[in-house]
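In case you want the letters, here they are:
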Amino acid sequence: MGKKHFIIPIFVPHLGCPHDCIFCNQRRITGLSTDVTPEYIEKTIEEYLSTFPRGGINIEVAFYGGSFTGIDMDIQRKLLSIPLGYKRKCKIDGIRLSTRPDYINREILDLLQEYEVDTIELGVQSLRDEVLNKNGRGHSSDQVYIAAKSIKNSGFNLGLQMMIGLVGDTRDGAIFTAKEFIKLNPYCVRIYPTLVIKNTYLERMYERGDYNPLSLEKSIDITTDILMLFEHYKINVIRVGLQPTDRVSLGKDVVSGPFHPSYRQLVESNIYRILLEDCLDGIGGSTLSNAVIGIKSNGKNISYIAGQKASNTKYLINRYGLKDIRIYKTDMPENLIGICIGNREHRIDKEEIIEKNLRERALI
């Protein structure tokens, strides 16, 4: 079992980014309005370190919320010098930052190597130029491919961030972006649904009726396909959905859009619903009426199988006319699920059914 991973987040609101993407209000997303200083970084690191367990863990300092490499080079050095000191004293294990594809060049990569940055995440959002233009991104898809190649060739871990539901985007467009991400073979990926945030141009478009955000149901449906694609190709998806905070929630800074505090759980549960339906259809479908079914799984999957508020359990009971579904936690491998009907147990492999589903719909 690998070490447990802990993040020390350092938010850099809009620092270094002259662009105002139509969906972005970084000061609201991060909850900060002051510029970051080395003293603030040191204080933040110390506060987090004091709360972490000792030994057997992996600790990473991560700069979020801005376009880090667009900051003045001397300021970058001052900010990076703090986590570098902790890294060289073996108090942290890694340094991560987020930036824009057009803020990557040889000089910047040399600086980041000097300060022992491990992972560079690119806010890509889409790889369709039409969508990038409509959302005011200020860079092209070609710049993404060039930056990604340069980052990997320089020995950094490459992270990629994408969004669904952008202005002018479609389901097929989001799938295209996901498939292009797979070709770039990143170290990690994040998937975010587009939300209408207060004090953004997107809010004005929404109020005028020029933009309609995805419904939660449709966004879950699209993200399900994308997550299955990434799982099939062994791409590590480290976040699905925006991190909820005191301000980032519907009725506060989120005006509209598919926000849910447990967004990833909804997507993962939807994947397991697809797996279970495939298996039950294969076993007998309508012949299962009034049956009691047992589902065995690794403990990590139990909440996904049941669904939020037992939504999957209720759905399957209604669909197949079952008498009951009973879910049991076992130590079986995470990719396997046991479906028990009477004295028979049917074993299904998550990876195999995902591949089958993707092939049937010509997504791979």
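In case you missed it, the structure is sitting above this.
Presented here is an overview of the structure given in this document. (Residues numbered from 1 in each chain as written. Predicted model: local features only at pLDDT ≥ 70, side-chain atom pairs only at ≥ 80, totals over all residues. Heavy atoms only, no water.)

Let us look at the pairing of strand β4 (residues 119-125). Most of β4 sits inside the fold, with seven of its seven residues counted as buried. Here β4 shows two buried faces, one formed by T119, E121, G123 and Q125 and the other by I120, L122 and V124. By the bridge criterion, four bridges tie strand β3 (residues 94-99) to β4 in an arrangement that is parallel. Paired with S98 across the two strands is E121, which belongs to β4. One ladder, built from six bridges, connects β4 with strand β5 (residues 157-164); its direction is parallel. Looking across to β5, one finds that E121 is bridged to G159. (Buried < 20%, exposed > 50% of the residue type's maximum accessible area, 1.4 Å probe, protein only. Helix = DSSP H or I, 4+ residues; strand = E, 2+ residues; numbered from the N terminus. Pairing = 2+ DSSP bridges.)

Turning next to the layout of surface pockets. Estimates place the volume of the second largest pocket at around 310 Å³. If you go around the second largest pocket, you meet 15 residues; those closest to its centre are L49, P53, R54, I59 and K91. Sorting the residues of the lining of the second largest pocket by element identifies α2 (38-49) and β2 (57-64) as the ones contributing at least two each. (1 Å grid on protein atoms, 1.4 Å probe; cavity = no way out; pocket = protein on both sides within 12 Å on 5 of 7 lines; lining within 4 Å. Points joined across faces, edges and corners; volume = space filled by probe spheres on them.)

Within the largest apolar cluster, 89 residues are counted, with the highest numbers of intra-cluster contacts made by F63, L80, I120, L122, I226 and F230. At nine residues, helix α10 (residues 263-283) tops the list of elements feeding residues into this core. Beyond its immediate sequence surroundings of up to four residues, F230 is in contact with M162, A178, F181, I182, V189, I191, I235 and V237. C21, V131, M163 and Y211 belong to the second-largest nonpolar core, a separate cluster that totals 13 residues. (Core = buried A, V, L, I, M, F, W, Y, C linked by side-chain atoms within 4.5 Å. Contact = heavy atoms within 4.5 Å.)

The next subject is the sheet that holds β3. Spatial strand order, β1-β2-β3-β4-β5-β6-β8: seven strands in an open sheet with parallel pairing. The sheet is open, and its two edges are formed by β1 (4-11) and β8 (237-240), each paired on a single side. The sheet shows a mean angle of 20° between the axes of neighbouring strands, direction not considered. Sheet strands touched by helix α7 (residues 171-184): β4, β5 and β6 (188-193). Its angle to β5, the strand with the most contacts, is close to 175°. Against the sheet, helix α9 (residues 216-232) engages β5, β6 and β8, with an angle of about 155° to β5. (Axes fitted to C-alpha atoms, helices over the stretch in contact; angles between N-to-C directions.)

Let us look at α9. Taking 1.5 Å as the rise per residue, α9 with 17 residues should run 24 Å; its terminal C-alpha atoms sit 24 Å apart, in good agreement. Where α9 terminates, the next one or two residues include K234, which has phi positive at roughly 60°. (Expected span 1.5 Å × (residues − 1).)

With that out of the way, let us pick up empty space enclosed by the protein. Counted under the stated rule, the structure contains two cavities of 30 Å³ or more. In this model, the largest cavity occupies a volume close to 40 Å³. Surrounding the largest cavity, P193, L195, G241, L242, P258, F259, H260 and Y263 form its lining. Tallied by class, the residues present in the lining of the largest cavity amount to six nonpolar, two polar and no charged. Taken as a whole, the second largest cavity holds about 30 Å³ of empty space. Taken together, L276, L280, I293, I295, L316, L322, I325 and I339 make up the lining of the second largest cavity. Among the elements of the structure, α10 and β10 (292-298) are those that each provide at least two residues to the lining of the second largest cavity. Partitioning the lining of the second largest cavity into residue classes produces eight nonpolar, no polar and no charged. (Nonpolar A, V, L, I, M, F, W, Y, C, P; charged D, E, K, R; others polar.)

Located in the positive-phi region is Q125, a residue other than glycine, with phi close to 75°. Mapped onto the fold, Q125 is located in strand β4. Non-glycine residue A310 carries a positive phi angle of around 60°. The exposure class assigned to A310 is partly exposed, which follows from its relative accessible area of 30%.

Pairing is mixed across the open sheet formed by four strands, whose spatial order is β11-β10-β12-β13. The two strands at the open ends of the sheet, each matched to only one other strand, are β11 (324-330) and β13 (344-349). Neighbour-to-neighbour, the strand axes of this sheet turn through a mean angle of 20°, independent of strand direction. Pairing of β10 with β11, which is carried by seven bridges, proceeds in the parallel orientation. Across the sheet, residue I293 finds its bridge partner in β11, namely I325.

This brings us to the packing of α9 against α10. At their nearest, the axes of α9 and α10 sit 9 Å apart, and the two run at 70° to each other. Relative to α10, the element α9 lies roughly perpendicular. Mapping the contact onto sequence places L216, S219, I220, D221, T223, T224, L227, M228 and E231 in α9 and Y263, R264, L266, V267, E268, N270, I271 and I274 in α10. Class assignment for the residues of the contact of α9 with α10 results in nine nonpolar, four polar and four charged. (Parallel < 35°, antiparallel > 145°, perpendicular 65-115°, else oblique.)

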